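Results of the structural survey
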Number of protein chains: 2
Amino acid sequence: MKKSVFYHAGCPVCVSAEHDIINLVGPSNVEIVHLGEDKSKISQAEKAGVKSVPALLTPNGHVLHINFGASLDAVKG
Amino acid sequence: MKKSVFYHAGCPVCVSAEHDIINLVGPSNVEIVHLGEDKSKISQAEKAGVKSVPALLTPNGHVLHINFGASLDAVKG
């Protein structure tokens, strides 16, 4: 199976959601991307449809915005 | 593994998220609850921390609010 991508920015909401998602889908099925530490990936996330973090990009290209940690604009700042 | 519970209300956002969640965690790991059709479960969802649908209650009691379909107040109405 193609991996999901979990985008986060290190906020408490993100870390909690990250643990939940890894528990649910299994660590080998998710790539974790920290947009706060790797800002070069923000535009890639935006193109995929990510509006806020934490968010999970599914293997079929859907974006699941999970709870609400921060908008992408806040991550850029 | 204890099952997750996916709460929804039949809205388009809910249906899309339901498919994604089932694909990600497997149909046998999720119980689906339609709060629009089974309003008696709304108070149970609220007690679990659900504020809006679609939402996923994880086996360890965390609530992941996914995208945004409707508030629970809208579902009650």
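The structure reproduced in this document is the subject of the present report. As the structure is a computational prediction, the values presented were derived from the model and not from experiment. The numbering scheme is per chain: residues are counted from 1 as the chain's sequence reads. Here chains are named by letter from A upward and ligands by number from 1 upward, in the order in which they appear as written. Local features in a predicted model are, by the rule used here, given only for residues with pLDDT of at least 70; side-chain atom pairs are given and counted only at 80 or more, and totals for whole chains, interfaces and linings are based on all residues. As a convention, hydrogens and water are excluded, and side-chain values are obtained from all of the structure's heavy atoms.

A few points about the state of the cysteines
Residue and element names in this part refer to chain A.
- When two cysteine sulfur atoms are found within 2.5 Å, that pair is recorded as a disulfide. Under the definition given, this model contains two disulfides over all chains.
- Across a sulfur-sulfur distance of 2.3 Å, Cys11 and Cys14 are joined as a disulfide pair. Given an S-S torsion of about 60°, the disulfide between Cys11 and Cys14 has right-handed geometry. As far as burial versus exposure is concerned, Cys11 and Cys14 are alike and both buried. Type-normalised accessible area, obtained with a 1.4 Å probe on protein chains alone, sets the label of each residue: buried when under 20%, exposed when over 50%, and partly exposed for intermediate values.

Some points on the interface of chain A and chain B
- Every residue pair with non-hydrogen atoms within 4.5 Å of one another is taken to be in contact. Taken together, the contact pairs 18 residues of chain A with 18 residues of chain B.
- Two parts placed together each lose some accessible area; with a 1.4 Å probe, that loss summed over both constitutes the buried area. Each partner contributes to the roughly 1,400 Å² buried at the junction of chain A and chain B, and carbon and sulfur atoms together form 56% of this total.
- Of all residues in chain A, the largest losses of buried area upon contact with chain B belong to Asp20, Leu24 and Leu64 of chain A, amounting jointly to 41% of the total for that side.
- Counted as a polar contact is a pair of N or O atoms within 3.5 Å, where, for protein atoms, one must be capable of donating a hydrogen and the other of accepting one, and residues adjacent in sequence contribute only when both atoms are in side chains. Our count for the contact surface shared by chain A and chain B stands at six residue pairs in polar contact (both at pLDDT 80 or more).
- Secondary structure elements are defined from DSSP: runs of H or I of at least 4 residues count as helices, runs of E of at least 2 residues count as strands, and each element is numbered from the N terminus. Elements that contribute at least two residues to the side of chain A that touches chain B include exactly helix H1 (12-25) and strand S4 (63-71) of chain A.
- The leading source of residues in the side of chain A that touches chain B is H1 of chain A, at seven residues.
- Counted by class, the side of chain A that touches chain B contains nine nonpolar, eight polar and one charged residues. Residues are grouped as follows: Ala, Val, Leu, Ile, Met, Phe, Trp, Tyr, Cys and Pro are nonpolar; Asp, Glu, Lys and Arg are charged; every other residue, Gly included, is polar.

Describing the pairing of strand S2 (residues 30-34) of chain A
Residues and elements named next belong to chain A.
- In the sheet, strand S1 (residues 4-8) pairs with S2 via five bridges, with the strands oriented parallel. Note that in S2 the partner of Phe6 across the bridge is Ile32.
- In terms of handedness, the path from S1 via H1 over to S2 forms a crossover that is right-handed. When DSSP locates at least two bridges between a pair of strands, those strands are taken to pair. Orient the strands so they point away from the viewer, and a crossover whose first-strand-to-second-strand path over the helix runs clockwise is right-handed.

Some details on the relation of the copies chain A and chain B
- Superposition of chain A onto chain B requires a rotation of 180° combined with a translation of 0.0 Å along the rotation axis, giving an RMSD of 0.0 Å. Taken together, the rotation angle and the small translation identify this as a two-fold axis. Relative to the rotation axis, the C-alpha of Ile66 of chain A is the closest in chain A, positioned 2.3 Å from it. A least-squares fit on C-alpha atoms brings the copies together, and the residues used are those whose pLDDT is at least 70 in both copies.

Examining the pattern of salt bridges
Residues and elements named next belong to chain A.
- A pair is scored as a salt bridge if a Lys or Arg side-chain nitrogen falls within 4 Å of a carboxyl oxygen belonging to Asp or Glu. Per the counting criterion, the structure on display carries six salt bridges over all chains.
- In this structure, Glu46 engages Lys76 in a salt bridge whose closest nitrogen and oxygen atoms are separated by 2.8 Å. A residue pair is termed long-range when its members are at least 10 positions apart, and Glu46 in helix H2 (residues 42-48) and Lys76 in helix H3 (residues 72-76) qualify at 30 residues.
- Looking at Glu46, the relative accessible area reads 37%, which means it is partly exposed.

Function cannot be inferred from these measures alone, as they are strictly geometric.
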